[in-house]
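Chain by chain, the residues:
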Amino acid sequence: MENSSRLRRVTDEKTTAASPEFHVVHKVPAGDGPYVRAKHAQLVQKDPEGAIVLFWKAINAGDRVDSALKDMAVVMKQLDRAEEAIEAVKSFRGLCSRQAQESLDNVLIDLYKFVKKCGRVDEQIELLRQKLRMIYDGDAFNGKPTKTARSHGKKFQVSIKQETSRILGNLGWAYMQKKNHMAAEVVYRKAQMIDPDANKACNLGLCLMKQARYDEARSVLEEVVHGRLPGSDDTRSRNRAEELIMDLESKPPTPDLYNLVGLDMIEELVIGLDEIEQKWAQWAPQRHRRLPIFEQLSSFKDQLAC
């Protein structure tokens with residue numbers, strides 16, 4: 001009796017996953033393979049653990065591997081299994097198409113934010129620097145100035161300018177985790193020059209506070225409070241800026257002292273930018289002109305060296 005009931009339930013689930021209404025509502029491909037059933041478990045049954053099992057089956061069966069790996073990583077993150085998700089993406093991205101690699105990088109960048117291990121921060125920094133090199137060399141977005149992205153089922157356009165600022169913002173936060181506030185400040189300032197927003201301004205303000213540069217921090221944070229930056233109308237960013245200003249007024253935080261490791265990291269970043277310049281010099285005669293955004297980044301190395 002129990003087995004019969006379970007069989008009927010599985011049959012009903014397959015029928016539901018294959019129904020036209022399911023595909024229209026949840027925007028998943030038609031069919032009855034493990035990937036479609038994984039999406040059914042994730043979106044309809046609200047069974048993330050079951051969805052992960054089916055995503056694994058889809059990957060092993062070669063069923064829409066690009067989507068299965070990315071979707072599985074997202075579900076794992078929701079279950080606080082970011083470490084496992086990182087290993088899955090790194091181990092199985094070789095099964096995915098070339099077109100999927102850039103979005104898998106973005107999945108990893110997002111996952112690294114949830115893992116606080118020192119070694120993972122180093123991996124995050126290296127990945128972000130690779131992404132910057134790709135943009136600099138014109139390899140990102142297939143050499144185009146914009147790409148179509150998707151978030152929460154909605155499509156929107158992302159410019160290379162926005163992508164560069166986003167990556168620099170993530171790089172700044174990674175350096176903050178390493179308590180290398182000098183490098184983080186330079187990266188945040190460059191990100192704000194390219195595509196300013198309130199969230200990065202708050203991070204820059206915190207970065208300056210950590211260096212006991214309180215007047216500069218206040219000036220940056222007041223830009224958010226007074227609504228002078230894009231995103232200042234976001235309640236979370238405004239509240240965060242106000243809270244940081246209150247911290248300044250009540251009890252300025254003790255500045256973090258830099259050690260030799262922190263200074264070495266800044267020198268390493270300068271060397272990395274030197275490599276980008278050298279690589280560009282080697283390839284420039286054979287490539288299209290570099291994207292305009294990197295005319296703005298040409299002084300990045302000099303700012304780091306100062």
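Keep in mind the model is a prediction, meaning the values are calculated, not measured.

Undergrad: For this particular structure, what's the right way to read the overall build of the protein chain?
TA: Scanning the protein chain from N- to C-terminus turns up 16 helices and two strands. Across the 306 residues of the protein chain, 42% fall into the buried class. For the protein chain, contacts bridging at least 24 residues in sequence account for 57% of all contacts bridging at least 6. Accessible surface for the protein chain amounts to roughly 16,700 Å². Of this, 53% is attributable to carbon and sulfur atoms.

Undergrad: What's the story with the packing of aromatic side chains in this structure? I'm lost.
TA: Two aromatic rings, taken as a pair, are described by how far apart their centres are and by the angle between their planes. One pass over the full model with this rule turns up two aromatic pairs. Ring centres of tyrosine 35 and phenylalanine 55 lie 6.0 Å apart, and the angle between their planes is 45°; this geometry places the pair in the tilted category. Here tyrosine 35 is found in helix 3 (residues 34-43), whereas its partner phenylalanine 55 is found in helix 4 (residues 48-61), with 20 residues between them in sequence. For tyrosine 35, a relative accessible area of 5% gives the class buried.

Undergrad: Any chance you could explain the packing of helix 9 (residues 160-177) against helix 11 (residues 198-210) here in plain terms?
TA: Geometrically, a packed helix pair is captured by the angle between its two axes and the distance between the axes. Running from N to C, helix 9 and helix 11 cross one another at 30°; their axes reach a closest spacing of 11 Å. Overall, the two elements helix 9 and helix 11 adopt an arrangement that is roughly parallel. For the crossing formed where helix 9 meets helix 11, the hand is left-handed. Within the contact between the two elements, helix 9 uses Ser165, Gly169, Trp173 and Met176 and helix 11 uses Lys200, Asn203, Leu206 and Cys207. For the contact of helix 9 with helix 11, a count of residues per class yields four nonpolar, three polar and one charged.

Undergrad: Would you mind showing me how to read helix 3 here?
TA: For an α-helix, 3.6 residues make a turn, and residues three or four places apart therefore share a direction. Among the 10 residues that make up helix 3, eight are buried, leaving the element largely enclosed by the rest of the structure. Buried within helix 3 are the following residues: Pro34, Tyr35, Val36, Ala38, Lys39, His40, Ala41 and Gln42.

Undergrad: For this particular structure, what's the right way to read the nonpolar core?
TA: Generally speaking, nonpolar side chains in soluble globular proteins are found buried as a group. Membership of the largest hydrophobic core comes to 70 residues, with the highest contact counts inside it found for Phe55, Leu69, Met72, Val89 and Leu111. Looking at this core element by element, the count peaks at eight residues for helix 11. If we skip the residues at most four places from it in the chain, methionine 72 touches Ile52, Phe55, Trp56, Ile59 and Ala88.

Undergrad: Teacher, can you tell me more about the packing of helix 5 (residues 65-78) against helix 7 (residues 101-112) here?
TA: Taken N-terminus to C-terminus, the directions of helix 5 and helix 7 make an angle of 10°; their axes are 10 Å apart at the nearest point. On the basis of their axis angle, the class for helix 5 and helix 7 is roughly parallel. Taking contact as the criterion, the partners of Leu69, Lys70, Ala73 and Lys77 in helix 5 are, on helix 7, Ser103, Leu104, Val107, Asp110 and Leu111. When grouped by side-chain class, the residues that make up the contact of helix 5 with helix 7 number five nonpolar, one polar and three charged.

Undergrad: Just to check I follow, could you spell out the pattern of salt bridges for this structure?
TA: Close approach of charged atoms allows side chains of opposite charge to pair. Counting across every chain of the model gives 21 salt bridges. We note a salt bridge from arginine 81 to glutamate 49, for which the minimum N-O separation is 2.9 Å. With arginine 81 in the loop between helix 5 and helix 6 (82-92) and glutamate 49 in helix 4, the pair connects residues that are 32 residues apart, well separated along the chain. A relative accessible area of 43% places glutamate 49 in the partly exposed class. The closest approach of N and O atoms between arginine 93 and aspartate 105, which form a salt bridge, is 2.8 Å.

Undergrad: What exactly am I supposed to notice about the side chain of asparagine 203 here?
TA: Here asparagine 203 shows up in helix 11. The class for asparagine 203 is buried, based on a relative accessible area of 7%. Within the structure, the side chain of asparagine 203 is placed 2.7 Å from the side chain of arginine 240, a separation counted as a polar contact. With residues near it in sequence (within four places) discarded, asparagine 203 still touches Trp173, Met176, Tyr188 and Arg240.

Undergrad: Is there a simple way to explain unusual backbone geometry in this structure?
TA: Its identity is not glycine, yet aspartate 80 carries a phi of approximately 60°, on the positive side. Along the polypeptide, aspartate 80 turns up in the loop between helix 5 and helix 6. One non-glycine residue, lysine 179, adopts positive backbone phi at about 60°. Within the secondary structure, lysine 179 sits in the loop between helix 9 and helix 10 (181-194). Among the residues examined, lysine 179 registers a relative accessible area of 52% and is labelled exposed.

Undergrad: Could you clarify how one ought to interpret the environment of lysine 77 in this entry?
TA: With respect to the helices and strands, the residue lysine 77 is situated in helix 5. The spacing of lysine 77 and phenylalanine 114 is 37 residues in sequence and 8.1 Å in space, taken between C-alpha atoms. Among all residues touching lysine 77, those that are not within four sequence positions of it are Asp110, Leu111 and Phe114.

The rules behind the values
Residues numbered from 1 in each chain as written. Predicted model: local features only at pLDDT ≥ 70, side-chain atom pairs only at ≥ 80, totals over all residues. Heavy atoms only, no water. Helix = DSSP H or I, 4+ residues; strand = E, 2+ residues; numbered from the N terminus. Buried < 20%, exposed > 50% of the residue type's maximum accessible area, 1.4 Å probe, protein only. Contact = heavy atoms within 4.5 Å. Areas by Shrake-Rupley, 256 points an atom, 1.4 Å probe, with all protein chains shown as cover. Phe/Tyr/Trp six-rings, centres within 6.5 Å; stacked < 30°, edge-to-face > 60°. Axes fitted to C-alpha atoms, helices over the stretch in contact; angles between N-to-C directions. Parallel < 35°, antiparallel > 145°, perpendicular 65-115°, else oblique. Left-handed = near helix turned anticlockwise from the far one by under 90°. Nonpolar A, V, L, I, M, F, W, Y, C, P; charged D, E, K, R; others polar. Core = buried A, V, L, I, M, F, W, Y, C linked by side-chain atoms within 4.5 Å. Salt bridge = Lys/Arg side-chain N within 4 Å of Asp/Glu carboxyl O. Polar contact = N/O pair within 3.5 Å; in protein donor to acceptor, adjacent residues only side chain to side chain.

Taken by themselves, the reported measurements are silent on function.
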